[in-house]
Amino acid sequence: CPGVPDETTAQKNQSFLVVKFRRTGESARSEDDTASGEHEVQIEGVRVGLEAVELDDGAAVPKEFANPTDDTFMVEDAVEAIGFGKFQWKLSVLTGLAWMADAMEMMILSILAPQLHCEWRLPSWQVALLTSVVFVGMMSSSTLWGNISDQYGRKTGLKISVLWTLYYGILSAFAPVYSWILVLRGLVGFGIGGVPQSVTLYAEFLPMKARAKCILLIEVFWAIGTVFEVVLAVFVMPSLGWRWLLILSAVPLLLFAVLCFWLPESARYDVLSGNQEKAIATLKRIATENGAPMPLGKLIISRQEDRGKMRDLFTPHFRWTTLLLWFIWFSNAFSYYGLVLLTTELFQAGDVCGISSRKKAVEAKCSLACEYLSEEDYMDLLWTTLSEFPGVLVTLWIIDRLGRKKTMALCFVIFSFCSLLLFICVGRNVLTLLLFIARAFISGGFQAAYVYTPEVYPTATRALGLGTCSGMARVGALITPFIAQVMLESSVYLTLAVYSGCCLLAALASCFLPIETKGRGLQESSHREWGQEMVGRGMHGAGVTRSNSGSQE
C-alpha cells in the first residue's frame, strides 16, 4: 500500500499512520474526526489511521506516495508506480533485435551496391535505383504501418511487418537477375517501414524518467547492427558472396519473429480502444515481473474511436509540430544515409580531391567501370560505423540537459560543419576522423528525433505520427543515392554543399518546434490540450497538474 512503510506491512493488528493529502480550500472533516476513529481503514487485517495533511494549491504530492487516496488511476500512473524493472529489460532486448535487423538491412545497401555494380556490370543509375527502391518501399508503407498500429494495435502491426521483412529478405538472396532483386528489395523496404513502430510500443511501457535514456540506449542495437553487418561482410563476401550475406543478415529478424509472441499489447492502446480488462491484465503482468505493487483504485477508460486519423496531426496544436518534424526527419535520413553512401565513395577515391582529380584524369569514364571494396575499405567503413556508439553516448549526456529541441539542433550544426571541412583536401586519416564525427552527430540527431516524436503526439495518433515522420525520412533516403552517387560524379563540392545546407535548415526547424517534451508525461487523448497529462513524479519541487480524469499527480 503506497504511503505505508514496507517494514510494517507484515505486522498484523498493529496501528500505523497513512497520510491523506488534501488541497487547500477542499472540504474536509476536522482532525477530531480522525481522532475519533472515523478515518480508520482496514488493510489486510491491519488497523490504519488516516492523517489529513494540507497541501497548498498547485503543490505536488510527494513522489513516494504513488496514487495517494484517489480511487482512480490512469495507465500513466500505473507505469510510473510500477517503474523500470525486469519486464522493461526483456522488452529492451526484444525491441533492440528489431532495430538491429533494421540497421543491418540499411547497412547492407552500401556493401551490396558496389558488389552488384561489378558482378552484374550495372550502370551507376541502376546502382542508385537499387538503393532507392528500398526507400520507396519504406516511404510507401510507413504511414500504413502507423495506421495499422493505431487501429489494430502496436503488437499486430509490428509482428506483420517483421514477418513480411523476414520472408522477402531471405527470398531476395535467390534473385537470379537485376529486375528480380529490384522488386524483392523493394518489398523488403515495404516491411522495414513498420519496424519503427517498435519504438512506439517500447515508449508506452517506459516511466517518464527513464524514457529518453532507454530509447537512446535502444539505439545501441542499431549501432551493433551496423557494425555487425560490416564485420559479417568482411568474412562472408570474399568466400560465400552477397547471397549468403543477405541470408545471414536476416538472423535478428528470425529471432524477433520467434520471441515476439511474448510481447504484450500496449496497455495505453488497450485503454484507448476500450479494452480495460486486457490493459489491467498487462499492467498486473508487468507489476508481477518487476516485483512492484499496482496502484490502488479503478483504471480510467479514456476511449477514443477515431484513432489513427491523419487530420489529428494537423489540429491547431500539432500543425506546426507535424510540418517541422517532417522536414527534420527528412533531413536526418537524407544526410545520414547520404553520408553512409558517401563514405564508400570517398574511401575508394582516397579523399575529396581524389574524386575531383580522378574525374579530370579520366575524361571519358565508362559508366560500367567499377571497383570492388577492398579490405582497407571495409576496415575504414568499420571505423566510421563505430562512431554510432559515441553518438549515442553524447546524445544521452546532453538530451536531458539541453532538451530535445536543442539536442537535435546541435547535432545538425556539427554535422554541417564537418561536411564543410571536407571541402579541404585532407589525407585519409583526417577524412576518416571527419566522417567519424559527422556520422556520430547525425546519428545522434536521428536518435533525439526518435525520443521526441513519440513524446509529442498523444496515444490516439502516436503510431501514425511516428509513421508519417518515418515516411518523410524515407523520402529523404530515397533521394539521397542520386546525390551521393550520381551528383557526386559531376561535382563533389556541390554534393557536400547540399548536405550541409539541408542540415543547417533542419537545425533552424528544430529550434522553431513549438513544444519541448523534456520532463513531460505521454499524452493519452488528442481531445485534451497538450500538457494536461501528468508531468511526472520524478520532477522534484514542481507543481503537478491534475488531469481531467481526476487522477491526482
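All values reported here derive from a predicted model rather than from experimental measurement. Along each chain, residues carry numbers from 1 onward, in the same order as the chain's sequence is written. Per-residue local features of the predicted model are confined to residues with pLDDT of at least 70, and side-chain atom pairs are confined, for both listing and counting, to 80 or more; whole-chain, interface and lining totals are unaffected and use all residues. Side-chain metrics in this entry use all non-hydrogen atoms of the structure; hydrogen atoms and water are not considered.

## Considerations on the overall build of the chain
The secondary structure content of the chain amounts to 20 helices and five strands. To sort residues, take the accessible area from a 1.4 Å probe on protein chains only and compare it with the maximum for the residue type: under 20% means buried, over 50% means exposed, and anything in between is partly exposed. Counting every position in the chain, which comprises 553 residues, the buried fraction comes to 58%. For the chain, restricting intrachain contacts to residue pairs at least 6 apart in sequence, the fraction spanning at least 24 positions comes to 83%. The Shrake-Rupley method, run with a 1.4 Å probe sphere, supplies the accessible areas, and residue values consider only the shown protein chains as cover. Working note: accessible area of the chain is about 21,800 Å², and carbon and sulfur atoms make up 64% of it. Under the scheme used here, helices are H or I runs from DSSP no shorter than 4 residues and strands are E runs no shorter than 2 residues, and both carry numbers assigned from the N terminus. We call two residues contacting when some pair of their heavy atoms lies within 4.5 Å.

## Thoughts on a nonpolar patch on the surface
Patch members must show over 30% relative accessible area and no salt bridge, and they are joined within 9 Å when carrying like charges or within 5 Å when they are nonpolar side chains of Val, Leu, Ile, Met, Phe, Trp or Tyr. Salt bridges are defined as contacts in which a side-chain nitrogen from Lys or Arg sits within 4 Å of a carboxyl oxygen from Asp or Glu. On the surface, a nonpolar cluster with roughly 430 Å² of combined accessible area is contributed by Val-251, Leu-254, Leu-255, Val-258 and Leu-259. On the secondary structure map, Val-258 appears in helix H10 (residues 251-259).

## Some words on the packing of helix H4 (residues 124-152) against helix H5 (residues 154-171)
Two packed helices can be described by the angle between their axes and the distance between those axes. The convention used is that axes are lines fitted to C-alpha atoms, helices contributing only their stretch in contact, and that angles between N-to-C directions extend from 0 to 180 degrees. The N-to-C vectors of H4 and H5 enclose an angle of 140°; their axes lie 6 Å apart at closest approach. Relative to H5, H4 is oriented oblique. Listed contacts from H5 to Trp-145, Ile-148, Ser-149, Asp-150 and Tyr-152 of H4 are Arg-154, Thr-156, Gly-157, Ile-160 and Ser-161. Per-class residue counts for the contact of H4 with H5 are four nonpolar, four polar and two charged. Between 65 and 115 degrees an angle is taken as roughly perpendicular, under 35 as roughly parallel, over 145 as roughly antiparallel, and anywhere else as oblique. Three categories are distinguished: nonpolar for Ala, Val, Leu, Ile, Met, Phe, Trp, Tyr, Cys and Pro, charged for Asp, Glu, Lys and Arg, and polar for the others, with Gly belonging to the last.

## Some points on the environment of Arg-319
The residue Arg-319 is located in helix H13 (residues 319-349) in this model. On the accessibility criterion, Arg-319 (38% relative accessible area) is partly exposed. Residues Arg-319 and Pro-514, spaced 195 residues apart in sequence, show a C-alpha to C-alpha distance of 9.9 Å.

## Notes on the confidence of the model for the chain
Within a predicted model, pLDDT stands for the predictor's per-residue confidence, ranging from 0 to 100. Looking at the chain, the pLDDT average stands at 74 and 75% of residues meet or exceed 70. pLDDT under 50 marks residues 1-69. Its contacts with residues more than four places away, or in other chains, come to 105 contacts. For the stretch residues 358-368, pLDDT sits under 50, and the model shows 13 contacts to residues farther than four places along the chain or on other chains.

## Quick word on the pattern of salt bridges
Counted by the stated rule, this structure contains eight salt bridges. A salt bridge links Arg-154 to Glu-204; the nearest nitrogen and oxygen atoms lie 2.8 Å apart. In this pair, Arg-154 sits in helix H5 while Glu-204 sits in the loop between helix H7 (197-203) and helix H8 (208-236), placing the two residues 50 residues apart along the sequence. As far as burial versus exposure is concerned, Arg-154 and Glu-204 are alike and both buried. Here Glu-455 ties to Arg-404 by a salt bridge, and the two come within 2.9 Å at their closest N and O atoms. A residue pair is termed long-range when its members are at least 10 positions apart, and Glu-455 in helix H18 (residues 428-456) and Arg-404 in helix H17 (residues 404-421) qualify at 51 residues. Like Glu-455, the residue Arg-404 is buried in the burial classification.

## What to know about the packing of aromatic side chains
In this analysis, rings of Phe, Tyr and Trp, with Trp reduced to its six-membered ring, are considered paired at centre separations within 6.5 Å, and the interplanar angle assigns stacked below 30 degrees, edge-to-face beyond 60, and tilted for intermediate values. Counted according to the given criterion, the structure contains 21 aromatic pairs. Judged by centre distance (5.4 Å) and plane angle (35°), the rings of Phe-87 and Trp-262 are tilted. Taken together, the residues Phe-87 in helix H3 (residues 86-119) and Trp-262 in the loop between H10 and helix H11 (267-272) connect sequence positions 175 residues apart. With a relative accessible area of 0%, Phe-87 lands in the buried category. The partly exposed category is assigned to Trp-262, whose relative accessible area is 26%. Judged by centre distance (5.7 Å) and plane angle (35°), the rings of Phe-318 and Tyr-457 are tilted. Placement of Phe-318 in the loop between strand E5 (298-299) and H13 and of Tyr-457 in the loop between H18 and helix H19 (462-490) is noted, with a sequence separation of 139 residues between them. The ring of Trp-262 is capped by Arg-285, whose NZ or CZ atom sits 5.0 Å from the centre of that ring. The criterion for a charge sitting over a ring is simple: Lys NZ or Arg CZ within 6 Å of the ring centre, and within 35 degrees of the ring normal.

## Quick look at the environment of Gly-241
Looking at the secondary structure, you find Gly-241 in the loop between H8 and helix H9 (242-248). Here Gly-241 falls in the buried class, since its relative accessible area comes to 18%. With 129 residues separating them along the chain, Gly-241 and Leu-112 place their C-alpha atoms 10.0 Å apart.

## Focus on the nonpolar core
The criterion is simple. A nonpolar core is a set of buried Ala, Val, Leu, Ile, Met, Phe, Trp, Tyr and Cys residues joined through side-chain atoms within 4.5 Å. With 130 residues, the main nonpolar core has Met-106 and Trp-329 as its most contacted residues. Residue contributions to this core peak at 18 residues, all from H3. Shared between two domains, this core takes at least three residues from each, and those domains are domain 1 (70-304) and domain 2 (305-351 + 373-518). The contacts of Met-106, once residues within four sequence positions are left out, are Val-134, Phe-135, Met-138, Ile-192, Trp-222 and Tyr-337. Grouped together as the second largest cluster of nonpolar side chains are nine residues, Ala-267, Val-271, Leu-283 and Leu-299 included. An automatic or database domain assignment provides the domain bounds reported here.

## A closer look at the environment of Arg-311
Looking at where Arg-311 falls in the secondary structure, it is placed in the loop between E5 and H13. On the accessibility criterion, Arg-311 (55% relative accessible area) is exposed. Sequence separation of Arg-311 and Thr-461 is 150 residues, and the distance between their C-alpha atoms is 9.8 Å.

## Side note on the side chain of Arg-404
According to the relative accessible area criterion, Arg-404 is buried, its value standing at 2%. Pairing of N or O atoms within 3.5 Å defines a polar contact, subject to two protein rules: one partner must be a possible hydrogen donor and the other a possible acceptor, and residues neighboring in sequence count only if both atoms are side-chain atoms. Among the polar contacts made by the side chain of Arg-404, one reaches the side chain of Glu-455 at a distance of 2.9 Å. In contact with Arg-404, not counting residues within four places along its chain, are Ala-212, Ile-399, Val-451, Tyr-452, Glu-455, Glu-516, Thr-517 and Lys-518.

## Things to note about the side chain of Glu-105
Relative to the helices and strands, Glu-105 is located in helix H3. Leave out the neighbours within four places in its chain, and Glu-105 touches Arg-185, Val-188, Ile-192, Ser-249 and Leu-253.

## Quick look at the packing of H17 against H18
Contact geometry of H17 with H18 gives a least axis separation of 8 Å together with a crossing angle of 155°. The angle between H17 and H18 places the two elements in the roughly antiparallel class. The two elements H17 and H18 cross, and the hand of that crossing is left-handed. Residues Arg-404, Lys-405, Thr-407, Met-408, Cys-411, Phe-412, Ile-414, Phe-415, Cys-418 and Leu-421 of H17 form the contact with H18, whose own contacting residues are Leu-434, Ile-437, Ala-438, Phe-441, Ile-442, Gly-444, Gly-445, Ala-448, Ala-449, Val-451, Tyr-452 and Glu-455. Put simply, a crossing is left-handed when the front helix is turned counterclockwise from the back one by less than a right angle, and right-handed when it is turned clockwise.

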